[in-house]
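Architecture and fold: a report
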Amino acid sequence: MTQPPRSTPITSRACHVAVIGLGAAGLVAARELHREGHTVIAFEREKQVGGLWVYTDRVEQDSLSQEPDRDIVHSSIYKSLRTNLPRECMGYSDFPFVIRPRDGESRDPRRYPDHREVMMYLQDFSKEFKIEEMVRFETEVVRVEKVEEKWRVRYRNSRGVSGEENFDAVVVCNGHFTEPRLANIPGIDSWPGKQIHSHNYRIPDSFKDQVVVVIGSQSSGNDISKDIATMAKEVHVSSKAIASNSYVEHTGQKNLRIHPTIYRACEDGSVVFRNGRVVYADVIVHCTGYKYHFPFLETNGNVNVDDNRVGPLYKHIFPPALAPGISFIGLPFMGLQFFLFEMQSKWVASVLSGRVKLPSEDKMMEDAIAFYGKLEALGIPKRYTHFLTDPRGNPMLGTFNPQDAAVISQSDYFNDIAEYCGCSSIESWRERQYNVAIKKLFFGGDSYRDQWDDDQLIEEVYQEFDKLKMIEM
Ligand code: FAD
């Protein structure tokens, strides 16, 4: 694979940069760009920072969110949500996700805290690094296009006022948990029941006494099926992880069963699973993930989304033909998200200033094509392109034969970026804690968030945090 030249100080150049979106990715992108000496204007559609973590009771009118012109609700967070990783490894490198007391506001001290605690952490980060001074709130970016050597950003604010401004570069941080993907179920169009996507799920109350089919058994599907089972008559989970002839009856919740995938849905309201079992259901809840979506981006075909692969991209960030004017932060999923956003942002900032060089357009394209070829050779579908596989720690990869080290792991990805831009890579404690946490997530049962035996590691982690001298211990 093509390696960029190592970080060498070159003449530093300050760029005028637009950041689109102020979730966990945009916040740290704005900070890194500012630290590198760029001027930053960050556009945020909502009234506040936090993105996905800004919980709202509001849901979209179209419960499957398929109408292109619908009023979009950004967040996909449900009321009972707690993090699926321990807080210590979830935070940014130099701003630990510890309990920071705030006047008059209660905090959630748990290691796997609720969503409000994550939002408060992001607000604290924003305040600490004065990010809000760079933000235009309630301002949606509606178009980004190249005009001569600049990137023209058109925006519209909540008062209906439109405007445009030219930038040297645009960093796209608009998130990818808002446009639902649906499972392809034969017969679903004539199935008479109600359907919703997890994007529009908040609380279980409306499922009282109903028979519910939940499609998907990853993080959200797992949480949501258990949440709904507290109110519903029966919950039947359809899971890709279950062999087609099997059935799990004892799940710890007496009204919750796990089946393989759905064979078909029928006009009489029945749902037939591949194990032959038939359930007459009132509702189907699709916990089937999301699509990358960049409705504002005009790239003349240089960046496309194909079966959820955003490409071609060099190292999940730079489109070879448009780099470094356009870059994407946060496309890889499942992993140490905030840390990943930070590493990617450092690289983008250093490339824009000229401190670090990218390979030529041809070399970046060769690299991207070689990467896609390797995925194909391993039988990995395009939609997993941005899934940073970790052969050493991720049991989700059972089906992908991950022994082949050709597919990069999360830690290798961090190490590579660190080398390219001369920053520190993932800390040993963070890597170890993540590897334990991901196993707990998949195999730790219902109590994985509240039971652990890593006291020694925790002590080490807090010693590291102490060295940062940024927290009240
Ligand atoms: P977002 O948080 O979605 O932010 C994008 C921002 O862009 C939003 O504020 C939006 O308003 C703005 N925006 C979008 N379009 C425009 C536009 N055109 N103009 C202006 N602004 C725009 N990760 C973890 O590390 N731990 C967890 O426990 C965890 N749990 C999760 C649970 C769920 C249900 C989901 C869906 C994801 C979870 N994640 C978790 C992953 C999570 O996505 C990341 O942690 C992270 O918050 C994503 O940040 P982001 O900045 O990429 O996107």
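Residue positions are given per chain, counting from 1 as you read along its sequence in written order. The model is predicted, so local features are restricted to residues of pLDDT at least 70 and side-chain atom pairs to those at 80 or more, both for listing and for counting; the totals for chains, interfaces and linings are taken over all residues. Excluded from the side-chain calculations are hydrogens and water; all other atoms, namely the structure's heavy atoms, are used.

**Brief notes about the sheet that holds strand 20 (residues 326-328)**
If you walk across this open sheet you meet the 5 strands as 3-2-1-7-20, and the pairing is parallel. In this open sheet, the two edge strands, each paired with only one partner strand, are strand 3 (135-136) and strand 20. For two strands to pair, DSSP has to find at least two bridges joining them. What counts as a helix is a DSSP run of H or I of at least four residues, what counts as a strand is a run of E of at least two, and both are numbered from the N terminus. Of the pairings in the sheet, the one linking strand 1 (residues 16-20) to strand 7 (residues 169-172) comprises 4 bridges and is parallel in character. Across the sheet, isoleucine 20 pairs through a bridge with valine 172, a residue of strand 7. Any two residues whose heavy atoms approach within 4.5 Å are treated as being in contact. Here an angle of 0 to 180 degrees is reported between the N-to-C directions of two axes, which are lines fitted to C-alpha atoms, with helices fitted over the stretch in contact. Seen against the sheet, helix 1 (residues 24-35) touches strand 1, strand 2 (39-43) and strand 7 and runs at an angle of roughly 170° to strand 1.

**Topic: the pairing of strand 10 (residues 211-215)**
Only protein chains enter the accessibility calculation, which uses a 1.4 Å probe. A residue is then buried if its area is under 20% of the maximum for its type, exposed if over 50%, and partly exposed in between. Within strand 10, 5 of the 5 residues are buried, leaving the element largely enclosed by the surrounding structure. Two strands pair when backbone bridges link them, and strand 10 and strand 11 (residues 234-238) are joined in this way by 5 bridges, in the parallel orientation. Note that in strand 11 the partner of valine 213 across the bridge is histidine 236. Viewed along the sheet, the connection from strand 10 through helix 4 (residues 219-229) into strand 11 turns out right-handed. In this sheet, strand 16 (residues 283-286) lies alongside strand 10 in parallel orientation, the contact comprising 4 bridges. Its bridge partner lying in strand 16, isoleucine 215 is registered against histidine 286. Looking down the strands as they point away from the viewer, one classifies a crossover as right-handed if the path from the first strand across the helix to the second runs clockwise.

**Some points on unusual backbone geometry**
Here the residue pair glycine 311 and proline 312 is connected by a cis peptide bond, since its omega of -5° sits within 30 degrees of zero. When you line up the elements, proline 312 lands in the loop between strand 19 (309-311) and strand 20. Located in the positive-phi region is serine 65, a residue other than glycine, with phi close to 50°. Along the chain, serine 65 turns up in the loop between strand 2 and helix 2 (87-90). Of note in this structure, asparagine 300 is not a glycine but carries a positive phi near 55°. One can find asparagine 300 in the loop between strand 17 (290-291) and strand 18 (304-306).

**Details of the state of the cysteines**
Criterion for a disulfide: a pair of cysteine sulfur atoms within 2.5 Å. The full count for this structure, using the stated rule, is 0 disulfides. For cysteine 423, which is in no disulfide, the shortest distance to another cysteine sulfur is to cysteine 421 and amounts to 3.5 Å.

**A short note on the pairing of strand 6 (residues 162-167)**
Direction of pairing for strand 5 (residues 150-157) relative to strand 6: antiparallel, over a ladder of 6 bridges. For arginine 156, the partnering residue across the bridge sits in strand 6 and is serine 162. Between strand 5 and strand 6, which pair antiparallel one after the other, the connecting turn spans 4 residues, and glycine 160 there sits at a positive phi close to 85°.

**Details of the site of the ligand**
By convention in these notes, a residue is near a molecule or strand provided one of its non-hydrogen atoms lies within 4 Å of it. What surrounds the ligand is a group of 32 residues, the closest being Glu44, Leu52, Trp53, His74 and Phe177. Counted as a polar contact is a pair of N or O atoms within 3.5 Å, where, for protein atoms, one must be capable of donating a hydrogen and the other of accepting one, and residues adjacent in sequence contribute only when both atoms are in side chains. Note that a nitrogen atom of the ligand is positioned 3.1 Å from one of the backbone N or O atoms of arginine 45. Contact between the ligand and tryptophan 53: an oxygen atom at 2.7 Å from a side-chain N or O atom of the residue. Protein coverage of the free-state accessible area of the ligand, which is 1,000 Å², stands at 95%. Put simply, the parts of the chain that give the shell around the ligand at least two residues each are helix 1, strand 4 (139-147) and helix 5 (337-352). Three residue categories are used. Nonpolar comprises Ala, Val, Leu, Ile, Met, Phe, Trp, Tyr, Cys and Pro, charged comprises Asp, Glu, Lys and Arg, and polar comprises the others, including Gly. For the shell around the ligand, the class distribution of residues is 15 nonpolar, 13 polar and 4 charged. Working definition of accessibility: Shrake-Rupley area with a 1.4 Å probe, residue cover restricted to the visible protein chains.

**What about the environment of tyrosine 78?**
By the element assignment, tyrosine 78 lies in the loop between strand 2 and helix 2. Judged by its relative accessible area of 3%, tyrosine 78 is buried. Taking the C-alpha atoms as reference, tyrosine 78 lies 8.4 Å from serine 198; in sequence the two are 120 residues apart. At 2.9 Å, the side chain of tyrosine 78 forms a polar contact with the side chain of aspartate 223.

**Here's the deal with the nonpolar core**
Of all hydrophobic cores here, the largest spans 90 residues; its most connected members are Ile228, Val285, Phe338 and Trp347. In terms of residues, this core owes the most to one element, helix 5, which gives 10 residues. Setting aside residues no more than four positions away along its own chain, phenylalanine 338 makes contact with Ala24, Trp53, Met90, Gly91, Tyr92, Val118, Tyr121 and Leu122. Only buried Ala, Val, Leu, Ile, Met, Phe, Trp, Tyr and Cys residues count toward a nonpolar core, and they belong to the same one when joined by side-chain atoms within 4.5 Å. Ile20, Ile41, Leu313 and Leu322 belong to the second-largest nonpolar core, a separate cluster that totals 31 residues.

**Some details on the confidence of the model for the protein chain**
Per-chain confidence: the protein chain averages 91 in pLDDT, with 93% of residues scoring 70 or above. The quantity known as pLDDT measures the predictor's confidence residue by residue, on a range of 0 to 100. Counted against residues more than four places away or in other chains, residues 391-406, with its pLDDT under 50, gives 33 contacts.

**Describing the pattern of salt bridges**
Salt bridges, as used here, are contacts in which a Lys or Arg side-chain nitrogen is within 4 Å of a carboxyl oxygen on Asp or Glu. Within this structure, the stated rule accounts for 34 salt bridges. Between glutamate 32 and lysine 346 there is a salt bridge, with its nearest N and O atoms 3.3 Å apart. Of this pair, glutamate 32 sits in helix 1 while lysine 346 is found in helix 5, placing the two residues 314 residues apart along the sequence. Judged on exposure class, the residue glutamate 32 and its partner lysine 346 are both buried. Residues aspartate 94 and arginine 35 are paired through a salt bridge, measuring 3.1 Å at the closest nitrogen-oxygen approach. With a gap of 59 residues between them, aspartate 94 in the loop between helix 2 and helix 3 (115-128) and arginine 35 in helix 1 connect regions that are remote in the sequence. Through salt bridges that share partners, Arg31, Glu32, Arg35, Asp94, Glu342 and Lys346 make up one connected network.

**Considering the side chain of glutamate 32**
On the basis of relative accessibility, which here comes to 6%, the residue glutamate 32 falls in the buried class. Dropping the residues within four chain positions of it, glutamate 32 is found in contact with Glu342, Ser345, Lys346 and Ala349.

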